[in-house]
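Structural characterization, general
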Amino acid sequence: MIKAKGYAAVNAVNELIPFEFERNKPKNHEVLVDIYFCGICHADIHQSKNEYHNTIYPLVPGHEIVGRIKSIGKDVTKFKINDLVGIGYFIDSCRHCSSCKEHEEQYCENGITPTQNAKLPDGTVTKGGYSDCIVVDESYVLKVSESLKPAGVAPLLCAGITTYSPLKYWKIGKGHKVAVLGLGGLGHMAVKFASSFGAYVTVLSGSANKKESALSLGANHFVLTSSNEEMKKAALSFDFLIDTVSAKHDYNTYLNLLRKEGTMILLGVPPEAPQLAAFQLISQRRKIAGSFIGGIAETQEMLDYCAEKNITAEVEVISPDYIKEAFERTFKGDVHYRFVIDAKRIYNKIKLL
């Protein structure tokens, strides 16, 4: 067994605390990764607080992981020691259903194994990237370019692929008018990707002070959602609306911004079920759809594209003892645009306790 150190939620109320646990040594096709950086996703916060009603405590969150391979199993062929790699939202799937065979493991018909909070057949629970190391099957590990700053790569493993995948699936690009609702971790990556694909991008936000940032990220236009006048002007404007918001909000307000046959793509997961007015869809033959992260092959494609175009997330790198404040600020939308934990500090921090 490998002694690991991390930060864990032990209940739905208290802040995360230093936590020591054990990981299995890498088996034949597995690799041991020393974690360098791990992004903080909204899902980490929701799950830490048991807002999805499925949390198994103690929970070690984290699924936006970048690090270097420290050791490998005897049958590993895709990686070697010291490779820079990434690990995302899931670390296994059934591998034989139609979705897995189509390289869309995220839709595995028998269920993926999330990097955090997944109960394994032996009764143990997966522990994520708020830790100093992780052991993963090589088939679910991604290659990361040495040309990119690893801290900025970490959020690509969730926020990046979550926005890249629907843009590619719906073939969004030149000639399309795209609205991005929310300018957080997901939203700022949606702006970067949609802009790089050639779309005309408008950011929708309730914060006027985000206009300058939106334009600097590549957006062409900004609409203040709290302004009735601006929202009225934006009605029937967009081919696609990428909804990245994980907080409670009214879908119906934003459906009205779509043109005839426009599509609203849901990426965020609000903790409460939203209400939907059917007439907003019927009146203009609009569609509402969802998209969930991406498969391993598509995630690798995205990382390669980012290396080619020099695209990374905008991040604030933090020490692990700042996680409580980072959670609070993320919930308030006070982050530009993703907190990333410097996991190398976890070992030193816990060693001193």
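Before any of the text, the structure's been laid out above.
Below, the structure is looked at part by part.

Points about unusual backbone geometry
Across the junction of Tyr 57 and Pro 58, the peptide omega takes the value 0°, indicating a cis bond. Looking at the element boundaries, Pro 58 is found in the loop between α1 (42–48) and β4 (65–72). In this chain, His 336 is followed by Tyr 337 through a cis amide linkage whose omega measures -5°. Along the chain, Tyr 337 falls in the loop between α11 (323–332) and β17 (338–342). Positive phi is not limited to glycine here, since Arg 285 has a value of about 50°.

Focus on the pairing of strand β12 (residues 221–224)
Sheet topology places strand β11 (residues 200–205) next to β12; 4 bridges connect them, and they run parallel. Note on β12: the bridge partner recorded for Val 203 is Phe 222. For the handedness criterion, the β-α-β arrangement of β11, helix α6 (residues 211–216) and β12 is classed as right-handed.

Notes on the side chain of Thr 312
Assignment of secondary structure puts Thr 312 in the loop between α10 (296–309) and β16 (315–318). Judged by its relative accessible area of 18%, Thr 312 is buried.

A closer look at the environment of Ala 297
Considering the arrangement of structural elements, one finds Ala 297 in helix α10. Judged by its relative accessible area of 44%, Ala 297 is partly exposed. Separated by 228 residues in sequence, Ala 297 and Ile 69 have C-alpha atoms that sit 20 Å apart.

Examining the packing of helix α4 (residues 159–169) against α10
Two numbers describe how α4 lies on α10: the axes approach to 10 Å, and their chain directions differ by 100°. Judged by the inter-axis angle, α4 sits roughly perpendicular to α10. Across from Gly 160, Ile 161, Tyr 164, Ser 165 and Lys 168 in α4, the residues of α10 making contact are Glu 298, Thr 299, Glu 301, Met 302 and Tyr 305. When the residues that make up the contact of α4 with α10 are grouped by side-chain class, the tally is 4 nonpolar, 3 polar and 3 charged.

A look at α10
The end-to-end C-alpha distance of α10, which contains 14 residues, comes to 20 Å, matching closely the 20 Å that a straight helix rising 1.5 Å per residue would cover. Within α10, burial applies to Ile 296, Glu 298, Thr 299, Gln 300, Met 302, Leu 303, Tyr 305 and Cys 306. Just beyond α10, the residue with positive phi is Asn 310, at close to 55°.

Looking at the pattern of salt bridges
Scanning the entire structure with this criterion turns up 16 salt bridges. Look at the salt bridges and you will find they share partners, linking Asp 92, Arg 95 and Asp 137 into a network.

Focus on the packing of aromatic side chains
This structure, assessed with the given rule, holds 12 aromatic pairs. Measuring from centroid to centroid gives 6.0 Å for Phe 90 and Tyr 140, while their planes differ by 70°, and the two rings are edge-to-face. Taken together, the residues Phe 90 in strand β6 (residues 90–92) and Tyr 140 in the loop between β8 (133–137) and β9 (142–143) connect sequence positions 50 residues apart. Summarising the burial analysis for this pair, Phe 90 and Tyr 140 share the class buried. Their ring planes at 80° and their centres at 4.8 Å tell us that Tyr 169 and Trp 170 sit as a pair that is edge-to-face. For Tyr 169, a relative accessible area of 58% corresponds to the exposed category. Judged by relative accessible area, which is 23%, Trp 170 ranks as partly exposed. One cation-aromatic arrangement involves Lys 143 over Phe 79; the distance from NZ or CZ to the ring centre is 6.0 Å. Across from the ring centre of Tyr 200, 5.9 Å away, lies the NZ or CZ of Lys 177, which sits over that ring.

Remarks on the sheet that holds strand β14 (residues 258–266)
Across the sheet, which stays open at both edges, the 6 strands sit in the order β12-β11-β10-β13-β14-β15 with parallel pairing between neighbours. Looking at strand neighbours, the two that pair on one side only are β12 and β15 (287–290), the edges of this open sheet. On average, each strand axis in the sheet is tilted by 20° relative to the strand beside it, whichever way the strands run. Sheet strands touched by helix α5 (residues 185–196): β10 (177–181), β11 and β13 (238–243). Its angle to β11, the strand with the most contacts, is close to 165°.

Cut-off values and rules
Residues numbered from 1 in each chain as written. Predicted model: local features only at pLDDT ≥ 70, side-chain atom pairs only at ≥ 80, totals over all residues. Heavy atoms only, no water. Helix = DSSP H or I, 4+ residues; strand = E, 2+ residues; numbered from the N terminus. Pairing = 2+ DSSP bridges. Right-handed = clockwise from strand over helix to strand, strands pointing away. Buried < 20%, exposed > 50% of the residue type's maximum accessible area, 1.4 Å probe, protein only. Axes fitted to C-alpha atoms, helices over the stretch in contact; angles between N-to-C directions. Parallel < 35°, antiparallel > 145°, perpendicular 65-115°, else oblique. Contact = heavy atoms within 4.5 Å. Nonpolar A, V, L, I, M, F, W, Y, C, P; charged D, E, K, R; others polar. Expected span 1.5 Å × (residues − 1). Salt bridge = Lys/Arg side-chain N within 4 Å of Asp/Glu carboxyl O. Phe/Tyr/Trp six-rings, centres within 6.5 Å; stacked < 30°, edge-to-face > 60°. Lys NZ or Arg CZ within 6 Å of the ring centre and 35° of its normal.

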